Amino acid sequence: MNTTKAPNRPDTDSASKKLSALRALSIYAKPHKWTFLLVFVCIILGIAADLFQPYLVKIAIDDHLMKGIGEYKPIITICLLYVGLSVSSLIFSYVQNNLLQFAGQSIVARIRKDLFQHIFRLSMSYYDRTPSGSLITHVSSDTETLNQFFTQVMLSVIRDGMTLVFIIVLMFQLDPQLTFDSMLVLPIIAVIAISFRSYMRKTYQWSRAQLSQLIGFAAENLSGMHLIQAFHQEREQMKRFTERNQGYFQANLREIRTNVWFNRSFDLLGNLSVAFITWLGGMAVLHKSIEFGVLYAFITYIRQFFQPINNITQQWNTLQSATVSENRIWNIFSIKPEVPEPLQPIDMNPASIRGHIHFSCVSFSYQAGTKVIDDLDLLIKPGEMIGIVGTTGAGKSSLISLLCRFYDVQEGRILVDGTDIRDISQAQLHKLIGLVQQEPYLYSGSVLDNVRMFDETISADEVIRACKLVGADALIDRMKDGYETRISERGSGLSAGERQLISFARIIVFQPKILILDEATANLDSHTEQLIQSALHTVAKGRTSLIIAHRISTIVNANRIIVMRQGRIAEEGTHEQLLKQHGYYEQLYLHAQGRVSSSHTG
Ligand SMILES: Nc1ncnc2c1ncn2[C@@H]1O[C@H](COP(=O)(O)OP(=O)(O)OP(=O)(O)O)[C@@H](O)[C@H]1O
């Protein structure tokens, strides 16, 4: 269990949008303030050690060498001091880098964790709109860019900024006139920086957008690979990938070109300044208005003066990317889940929940104006097994999604044991409901972990008992390492029926009061179908069950079958009652039997 106190993360449910991204970032940085202070002290000491070195040489030249005093002792002392300063600078730089890396990595690890946690809380409607590829970019590379902000940009701004200040002070101390002359380049630096600024930002944003598209496209293709291969879409998809790849390539080139122009302009300016100062200073030395050592120190400082400016501009790009990443991350943090948690959740006692469900005049649409569920009313008694059939797109899965609160109803209410599901915490609601999807999701991990969903408080014995109960044990025993067999991502090595059996075992282990089954459509061999039928019988016992059936045989014994059409219940009754109605259900049944009734088709 994580016992560290969570930083005061911008509350996504309150006015976090008002927080500027930078302010929000500072909230994360706050717990590390003492580390940053120590880094600052190390930076100052490191700079002092660095900048005092040319001054030592100046003393050696002007006070000893130029005066022709033949004493070696002071020169040796100066040399030793010089070495001492170099070593100190190295130590300070090492400590400062380590501390900063630690603080930066800790902050970013925390943001990444919170971001991932926040993404978990977002509603299904968000996932409908957002490609998974772009979320991968946010969690991985955007947070990494933020790390660079702390470890590179911040370091550069503080260290190089302070170096500049120190150099100017030292130069003034040496010769104010020559310092003024050197500062003539400052307005030119400002002009170059301002003119490049917005162009670089746009270039960077463009390249990030291209990258995000590329990753999104790759992720989508990887998850739909079987379809691509089945429909021989490789060439078409490759063409589309190449277009995006080319787009990213162009964006990157433009970004690099802009950077090179920017940096080389500064280099040139630096060299021109050194030439200018050498000329001015050289004249002054010749006219004996300054000493030679002063000119040496001055030229060294001028070189060192351009180095930090160059460093800061090098970090400009990272700063741009960090700003973009920061905004993107905080945009996600500011998204409120469209399915909110109740402010004062009603705590239902799990032991006394009976599993009574009431869809009361429920209407729902994904997009305004197109009702997918239309004023639907359905009462389900505790322990009842309801079969749901209907035309494709009739709203069967949507009805189930509403019961699971993946989406909220727009009209009406859904009640479980008389309580509106919007008043129950989502965690409790999801514990109440066991969902077996059409394509049961298996995680990469062992069979054991897949059944107990990585909950180690559930023992291996419980898992084995559950698997035996649903008849999955024979299948698992045949696997290479039995319950320890590693399942590949999404359980791709298993058949749809086998995946469903494993999900049935999950239901037994987690004991939900309500079972929802979206039956697999894949053709099952008669043996697996029988296994599934008997497993379903076992799992549904004592539970309120809603079964979306694609094979009529699954639900002939249901207590009640509802036939959905255009978001409404078109027919309702037992198998026998529905057959007598000679409606759509009978038509479905005859189809399944291979006897199409001509009077009801179409
Ligand atoms: N996430 C979504 N966003 C927008 N529209 C959706 C979404 N999911 C489903 N729909 C639409 O809502 C309608 C009902 O879909 P739903 O999946 O509930 O039907 P269904 O009866 O389960 O169909 P099937 O048997 O084919 O799975 C369809 O017109 C579908 O296009």
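Computed from a prediction, not measured in an experiment: that's the story for all the values here.

Scoring rules and cut-offs
- Residues numbered from 1 in each chain as written.
- Predicted model: local features only at pLDDT ≥ 70, side-chain atom pairs only at ≥ 80, totals over all residues.
- Near = placed C-beta within 6 Å.
- Helix = DSSP H or I, 4+ residues; strand = E, 2+ residues; numbered from the N terminus.
- Nonpolar A, V, L, I, M, F, W, Y, C, P; charged D, E, K, R; others polar.
- Pairing = 2+ DSSP bridges.
- Core = buried A, V, L, I, M, F, W, Y, C linked by C-beta atoms within 7 Å.
- Buried ≥ 20, exposed ≤ 12 C-beta atoms within 10 Å, placed from the backbone.
- Contact = placed C-beta atoms within 7 Å.

Chemist: It is not clear to me how the site of the ligand should be interpreted in this structure. Could you clarify?
Modeler: Taken together, Asp128, Tyr366, Val372, Gly390, Thr392, Gly393, Ala394, Gly395, Lys396, Ser397 and Ser398 form the complete shell of residues around the ligand. The leading source of residues in the shell around the ligand is helix α11 (residues 396-403), at three residues. Grouping the constituent residues of the shell around the ligand by class yields three nonpolar, six polar and two charged.

Chemist: How do you make sense of the sheet that holds strand β1 (residues 357-364) when you look at a structure like this?
Modeler: Within a sheet, adjacent strands bond to each other through the backbone by hydrogen bonds, running parallel or antiparallel. An order of β2-β1-β4-β5 is seen for the four strands of this open sheet, with the pairing classed as antiparallel. Whereas interior strands pair on both sides, the edge strands pair on one side only; in this sheet they are β2 (373-380) and β5 (419-420). Examined bridge by bridge, β1 and strand β4 (residues 411-416) share five bridges and lie antiparallel to one another. Counterpart to His358 in the pairing with β4 is Leu415.

Chemist: How should the nonpolar core be read in this particular structure?
Modeler: One recurring pattern in soluble globular proteins: nonpolar side chains tend to sit buried together. Membership of the largest hydrophobic core comes to 69 residues, with the highest contact counts inside it found for Val470, Ala505, Ile516 and Ile547. For Val470, the contacting residues outside a window of four places in its chain are Leu501, Phe504, Ala505, Ile508, Ala535, Thr538 and Val539. Membership of the second largest hydrophobic core comes to 46 residues, among which are Leu25, Ala103, Phe150 and Met200.

Chemist: I would appreciate a short explanation of the pairing of strand β11 (residues 560-565) in the present structure.
Modeler: Direction of pairing for strand β3 (residues 385-390) relative to β11: parallel, over a ladder of five bridges. When the bridges of β11 are listed, Gly387 appears paired with Ile561. Strand direction decides the pairing type here: β11 and strand β12 (residues 568-573), joined by five bridges, are antiparallel. Considered in β12, the bridge of Arg565 is made with Arg568.

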